[in-house]
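Each chain, letter by letter, is given below.
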Amino acid sequence: MPLAAEPVEALEEGGNQQQLLLATKGGPALEGLVVGSYCHDVLIRGGRVVGETLGGAAAFVSNVLDAASPREEEEQEAAPFVVVSKVGRDFAYASAPAPARRPPLLCASPTTSFHAQFSEAAASAHAPDRELRRVRACDPIYPADLPDRRFAYGLAVGVAGEVLPETLERMIRLCRAVLVDAQALIRAFDADGAVCHVSLEDTPYARLLPRVAFLKASSEEAPYVGVETARRRCCVIVTEGRDGCRLFWDGGEARVAPFPAVQVDPTGAGDSFLAGFAAGLLWGLPATDAALLGNFFGAAAVSQVGVPTFHPKMLQAVKEILEDKTTKRSSPCINGTTFTLERSNMHDELHTALQETARLMSEQQQADPANGNGGDICST
Ligand SMILES: Nc1ncnc2c1ncn2[C@@H]1O[C@H](COP(=O)(O)OP(=O)(O)OP(=O)(O)O)[C@@H](O)[C@H]1O
Ligand SMILES: O[C@H]1[C@H](O)[C@@H](O)[C@H](O)[C@@H](O)[C@H]1O
């Protein structure tokens, strides 16, 4: 599959080309660009507030990229990626790890806030698990807000329409490969702020799809994406909650098995999936194998309320598995000229190894009363 980015020579607009070239030469080889705003999440069940957390796909994505990207020993602190995010002066989580590491741009408008109303009944695998209402919206992210330099990859992960079509277009120009969460493209809000969806084909984003590498949608969003049309333009990944995910491309498809999890809060599962998937590509995995890492971090996300904390032992185990199973770290697919989509012959081995880690972590989490989880948010 060809990559999306334009040659460096095409990057004249809005910046100094010489500077761009220097930054590309001197900068980290696999620097990423994450675009989408942090937000406030208020979790409500039965009319009662049961949690208030940092939200926004950018927060969940940063968390997983920092945890799972391949890195040299000396780069322990933070993985090489930039976050472009906007918040207001009311932002309550400036000292949380993700915003502290990569501070958002400050605006006069308030921080985007969502109320997530969980149903009283346990959610089924594909039914919407919560009703989302946007109660405040921060400014959009404009093309001029993005840094003037090239990136190996970009993640467009808006939650409230903040990634404008022209901003996505600019990302495509700056990044070799762009991965997009459909929620950044097809969300609309009714007069009351309730999240609804529009058909992707009816949006200005549709014409950009052939220049996007991967488009991720939840099974609720998939009908609005139009998988059969979209798969002819880019690789589409549909996440299916506890059932794992499926990949669709022009001429092929694959189902990728899930990992065990005790779900306490589904928020951020899709975001964590996308970042795990991107990390898998950075490790040099073909897309169908990288989706295993997506499923792994999606499962880890639902096991905790809000942005999850990963146990260092779990991360060490995952890193050892990836080091053992991947051979191409020096030339990851995301920085090459094409993507391999089909599963490799070690797909099942990788699943088994990660499953063992997921099972151990899940058991530890259930046994540990001090893991900070206040019980299951999403069901009674
Ligand atoms: N209960 C679960 N058990 C195991 N894995 C899960 C579970 N829920 C989600 N996942 C993992 O996370 C991925 C994303 O979940 P899901 O399809 O629910 O995304 P989403 O609806 O976009 O989530 P959100 O909007 O809450 O971020 C799934 O493909 C799966 O790998
Ligand atoms: O924090 C959450 C999370 O990022 C979800 O993926 C998104 O759907 C919600 O709108 C947001 O509030």
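Residues numbered from 1 in each chain as written. Chains lettered and ligands numbered in written order. Predicted model: local features only at pLDDT ≥ 70, side-chain atom pairs only at ≥ 80, totals over all residues. Heavy atoms only, no water.

The name an unreviewed UniProt entry gives the chain is Inositol 3-kinase, with Panicum virgatum as the organism. For the chain, the Sequence similarities (unreviewed entry) comment in UniProt is given as "Belongs to the carbohydrate kinase PfkB family." In its Catalytic activity (unreviewed entry) section, UniProt records this for the chain: "myo-inositol + ATP = 1D-myo-inositol 3-phosphate + ADP + H(+)". (UniProt positions renumbered as here; feature names shortened; annotations may be inferred.)

A. Representation of the site of ligand 2. Around ligand 2 there are 14 residues in total, and Asp-41, Gly-56, Gln-183, Arg-187 and Asp-271 lie nearest to it. One nitrogen or oxygen atom from the main chain of Ala-57 is found 3.1 Å from an oxygen atom belonging to ligand 2. Protein contact buries 96% of the 300 Å² of open area that ligand 2 shows by itself. Mapped by element, the contributors of at least two residues to the shell around ligand 2 are β2 (39–45), α2 (57–68) and β8 (130–136). (Near = heavy atom within 4 Å. Polar contact = N/O pair within 3.5 Å; in protein donor to acceptor, adjacent residues only side chain to side chain. Areas by Shrake-Rupley, 256 points an atom, 1.4 Å probe, with all protein chains shown as cover. Helix = DSSP H or I, 4+ residues; strand = E, 2+ residues; numbered from the N terminus.)

B. Spotlight on the pairing of β2. Among the seven residues of β2, seven are classified as buried, and the element is accordingly described as predominantly covered. Burial along β2 is two-sided: Cys-39, Asp-41, Leu-43 and Arg-45 facing one way and His-40, Val-42 and Ile-44 facing the other are all buried. Direction of pairing for β2 relative to strand β3 (residues 48–55): antiparallel, over a ladder of seven bridges. Each bridged residue has a counterpart across the sheet, and for Ile-44 the counterpart in β3 is Val-49. In this antiparallel pair of consecutive strands, β2 and β3, the connection spans two residues, and Gly-46 shows a positive phi of 60 degrees. Pairing between β2 and strand β7 (residues 113–118): six bridges, direction parallel. Bridged to Arg-45 within β7 is Phe-118. (Buried < 20%, exposed > 50% of the residue type's maximum accessible area, 1.4 Å probe, protein only. Pairing = 2+ DSSP bridges.)

C. Representation of the pattern of salt bridges within the structure. What the rule picks out here adds up to 18 salt bridges. Here Glu-253 ties to Arg-231 by a salt bridge, and the two come within 3.3 Å at their closest N and O atoms. Here Glu-253, found in strand β16 (residues 252–256), pairs with Arg-231, found in the loop between α7 (227–230) and β14 (235–239); they are 22 residues apart in sequence, far enough to count as distant. Arg-231 sits in the buried class, given a relative accessible area of 11%. Residue Arg-255 is joined to Glu-240 by a salt bridge in which the shortest nitrogen-to-oxygen separation is 3.4 Å. Of this pair, Arg-255 sits in strand β16 while Glu-240 sits in the loop between β14 and β15 (245–249), and the two are 15 residues apart along the sequence. The buried category is assigned to Glu-240, whose relative accessible area is 8%. (Salt bridge = Lys/Arg side-chain N within 4 Å of Asp/Glu carboxyl O.)

D. The arrangement of the nonpolar core in detail. Ranked by internal contacts, the top residues of the largest apolar core, which has 73 residues, are Leu-155, Phe-214 and Phe-277. No other element matches the nine residues that helix α9 (residues 287–302) contributes to this core. If we ignore the near neighbours within four places in the chain, the residues touching Leu-155 are Leu-33, Val-34, Val-35, Val-61, Leu-65, Met-171, Leu-179, Leu-274 and Ala-278. Core analysis: the second largest hydrophobic core is formed by 35 residues, Val-84, Ala-156, Met-171 and Val-227 among them. (Core = buried A, V, L, I, M, F, W, Y, C linked by side-chain atoms within 4.5 Å. Contact = heavy atoms within 4.5 Å.)

E. The site of ligand 1, seen in detail. Taken together, 21 residues sit near ligand 1, with Thr-239, Gly-244, Pro-266, Gly-270 and Asn-295 positioned nearest. Contacts to ligand 1 include Pro-266, whose backbone N or O atom sits 2.7 Å from an oxygen atom. Gly-268 is positioned such that a nitrogen or oxygen atom in its backbone is 3.3 Å from an oxygen atom of ligand 1. Against a free-state accessible area of 630 Å², the protein chains account for coverage of 90% of ligand 1. Looking at the shell around ligand 1, the elements with two or more residues in it are β13 (214–218), α8 (269–282) and α9. Element by element, the count of residues in the shell around ligand 1 is highest for α9, at four residues. Residues that form the shell around ligand 1 fall into these classes: six nonpolar, 10 polar and five charged. (Nonpolar A, V, L, I, M, F, W, Y, C, P; charged D, E, K, R; others polar.)

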